[in-house]
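Chain residues, written in single-letter form:
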Amino acid sequence: MKFKTSLGATALTVGMLFAGAAMAQGSGSATIDAIVKRGELVCGVAGATAGFSLPDSQGVMRGIDADSCRTVAAAILGDAKKIKFVPTTTTNRFTALQSGEVDMLYRSTTWTLGREGNLGTLFASINFYDGTGFLVKASTGVKSVKELDGATVCVQPGTSTELAIADHFRVNKLKFTPILIQDLAELQAAYISGRCDTYSTDASGLASFRFQQGPKATEHVLLPEIISKEPLGAMVRKGDDKFFDLVRWTYFAGLIAEENGINSTNIDTFLTSNIPEVRRLLGLEGDMGKALGVDAKFAYNSVKQVGNTAEIWERNITPMGIPRGINNLWNKGGLQYAPPMR
Ligand SMILES: N[C@@H](CCC(=O)N[C@@H](CS)C(=O)NCC(=O)O)C(=O)O
């Protein structure tokens, strides 16, 4: 049909432009589109915790959180190296996410109601089931949290640890004085120097700290009580469900790979598998990637380049002497369970 008026011609042109834009977008997620356009995922981490996120001697970020970020970069961009890590603190991590400075967080951040209900953010995965613990010097002879009445406790501000300690001491009618120090190195130095009687954070963080002490690790004792649940995982902004889905299912893909015995080294031998879920996982059938706004090979790229959940654990957490325990797969006595990929 031929348009007679210039108005009609404009309408046609604008219509074509919109169609073009919609086609170019593709993913249906503003966050995924922005990551693709930028060519890298921007992931907020701590950047200071061994086993979780800490640069190695070459400046490469290492740890379970760093690798969890990489799985998402591989899923979206097909390349786990297309990633920028942004170190965040316990207090500025949420604003970094809210403001768009980072696309997401993997930053030993505990999933709580308040953080979902009040901050405009939500949790897409749990990559570490943790709990609040207490570290004391072996020389004090303290064997239980019950002996900490009147203690000074070194703790980072803005953490769920701070709240868990307050609850626990109140319920058990114990007194304590929090010593709030933001900077991790400063906080740990305060504990070492004796400014606090105990250092409290996620038990994994305490194990990481002990590990970093090398031969002096035995000078510190983790008390037996774990006083709270601290499920740590990926945090994203609310309002982009498609990106949320992608982050969540990239995590599940690592679990499903592990369940099926698929890892970064043997994955190619599964490309001829006739197991339906394996075929869907590897992008051989079922359009799983399309449903998430990414390539059919999203899970293949993630597992091939970064590893399945067990590999990521063994690379980063096992060297610190932390058993997998409740972080094992559901069929191995743990809590890690992925819904069906279909
Ligand atoms: N899971 C708690 C605690 C998070 C936390 O304090 N993590 C510590 C160690 S487990 C950390 O990342 N410190 C590094 C830093 O602050 O640079 C939360 O979400 O509030």
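Use the structure listed above.
We now turn to the structure provided with this report. Nothing here was measured: the structure is a model prediction, and the numbers come from that model.

What follows is about empty space enclosed by the protein. Scanning all chains against the criterion turns up 1 cavity of 30 Å³ or more. Volume-wise, the largest cavity comes out at about 140 Å³. If you go around the largest cavity, you meet 16 residues; those closest to its centre are S68, N127, Y251, T309 and I312. Counting only elements with at least two residues in the lining of the largest cavity, the list comes to α3 (64-77), α9 (241-259) and α13 (309-316). In terms of residue class, the lining of the largest cavity is built from 5 nonpolar, 10 polar and 1 charged.

On to the side chain of E258. By secondary structure assignment, the location of E258 is in helix α9. On the accessibility criterion, E258 (9% relative accessible area) is buried. Separated by 3.3 Å, the side chain of E258 and the backbone nitrogen of A310 make a polar contact. With near-sequence residues (within four places) excluded, E258 lies in contact with N308, T309, A310, R324, L329 and K332.

This next bit is on the sheet that holds strand β8 (residues 132-137). One open sheet holds the 5 strands; their spatial order is β10-β9-β11-β8-β12, and the pairing between them is mixed. Because the sheet does not close on itself, it has two edges, and the strands there are β10 (176-180) and β12 (220-222). Adjacent strand axes in the sheet meet at a mean angle of 30° when their direction is disregarded. As paired strands, strand β9 (residues 151-155) and β10 are joined by 5 bridges and run parallel to one another. Looking across to β10, one finds that C154 is bridged to I179. Packed on one face of the sheet, helix α7 (residues 184-192) meets β8, β9, β10, β11 (198-202) and β12 and runs near 145° to β11.

Definitions and limits used
- Residues numbered from 1 in each chain as written.
- Predicted model: local features only at pLDDT ≥ 70, side-chain atom pairs only at ≥ 80, totals over all residues.
- Heavy atoms only, no water.
- 1 Å grid on protein atoms, 1.4 Å probe; cavity = no way out; pocket = protein on both sides within 12 Å on 5 of 7 lines; lining within 4 Å.
- Points joined across faces, edges and corners; volume = space filled by probe spheres on them.
- Helix = DSSP H or I, 4+ residues; strand = E, 2+ residues; numbered from the N terminus.
- Nonpolar A, V, L, I, M, F, W, Y, C, P; charged D, E, K, R; others polar.
- Buried < 20%, exposed > 50% of the residue type's maximum accessible area, 1.4 Å probe, protein only.
- Polar contact = N/O pair within 3.5 Å; in protein donor to acceptor, adjacent residues only side chain to side chain.
- Contact = heavy atoms within 4.5 Å.
- Pairing = 2+ DSSP bridges.
- Axes fitted to C-alpha atoms, helices over the stretch in contact; angles between N-to-C directions.

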